[in-house]
Amino acid sequence: MQQIDPSDMVKRGRFYFIYDRPPHFVMEDKTKRGLEVRERALDEKHGVEAERGTIYDMDGIGHKVGIRWYFPKAQYTLEQVVARAEDMEKRYKAIREMTCPDDED
């Protein structure tokens, strides 16, 4: 796992960061910051390498979740990565609206 330098940030949202780390754009889920990376594997949804960790539910069942995704610059533009990050942002905003409707941004 390479160390991410905050000065490499090219875009940020409420729930994500995107870094320029040649030869990749790295999309990081802010809600998973601090989660220990357990593996680096192919993420089937995005089709790129991803760092994943494990979150345990109330029943003690572990669920693998993405922390960072590595989009090769040769195949993805910044705009394509931002579009994926914005999709993630929309999902988290919808969850927040359902679980905390009185919270303001």
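Draft legend 1. Up close: the pairing of strand β3 (residues 24-29). Judged by how many residues are buried, β3 sits mostly within the fold: six of six residues are covered. Going residue by residue along β3, you find His 24, Val 26 and Glu 28 tucked away on one face and Phe 25, Met 27 and Asp 29 tucked away on the opposite face as well. Sheet topology note: the strand β2 (residues 16-21)/β3 ladder contains six bridges and is antiparallel. Across the sheet, residue Ile 18 finds its bridge partner in β3, namely Met 27.

Draft legend 2. Spatial organisation of the environment of Thr 31. Mapping Thr 31 onto the fold places it in the loop between β3 and β4 (39-43). For the pair Thr 31 and Asp 87, spaced 56 residues apart in sequence, the C-alpha separation works out to 15 Å. Among residues more than four places away in sequence, those in contact with Thr 31 are Phe 15 and Tyr 92. Here the side chain of Thr 31 touches Asp 29 through a polar contact of 2.6 Å, side chain to side chain. Within polar-contact distance, the side chain of Thr 31 engages the side chain of Lys 32 at 3.2 Å.

Draft legend 3. Region of the structure containing the layout of surface pockets. Roughly 150 Å³ of volume is contained in the largest pocket. As for the largest pocket, its lining consists of Asp 29, Asp 43, Lys 45, His 46, Trp 69, Arg 84, Asp 87, Met 88, Arg 91 and Tyr 92. With five residues, helix α1 (residues 78-99) is the single largest residue contributor to the lining of the largest pocket.

How each quantity is defined
- Residues numbered from 1 in each chain as written.
- Predicted model: local features only at pLDDT ≥ 70, side-chain atom pairs only at ≥ 80, totals over all residues.
- Heavy atoms only, no water.
- Buried < 20%, exposed > 50% of the residue type's maximum accessible area, 1.4 Å probe, protein only.
- Helix = DSSP H or I, 4+ residues; strand = E, 2+ residues; numbered from the N terminus.
- Pairing = 2+ DSSP bridges.
- Contact = heavy atoms within 4.5 Å.
- Polar contact = N/O pair within 3.5 Å; in protein donor to acceptor, adjacent residues only side chain to side chain.
- 1 Å grid on protein atoms, 1.4 Å probe; cavity = no way out; pocket = protein on both sides within 12 Å on 5 of 7 lines; lining within 4 Å.
- Points joined across faces, edges and corners; volume = space filled by probe spheres on them.

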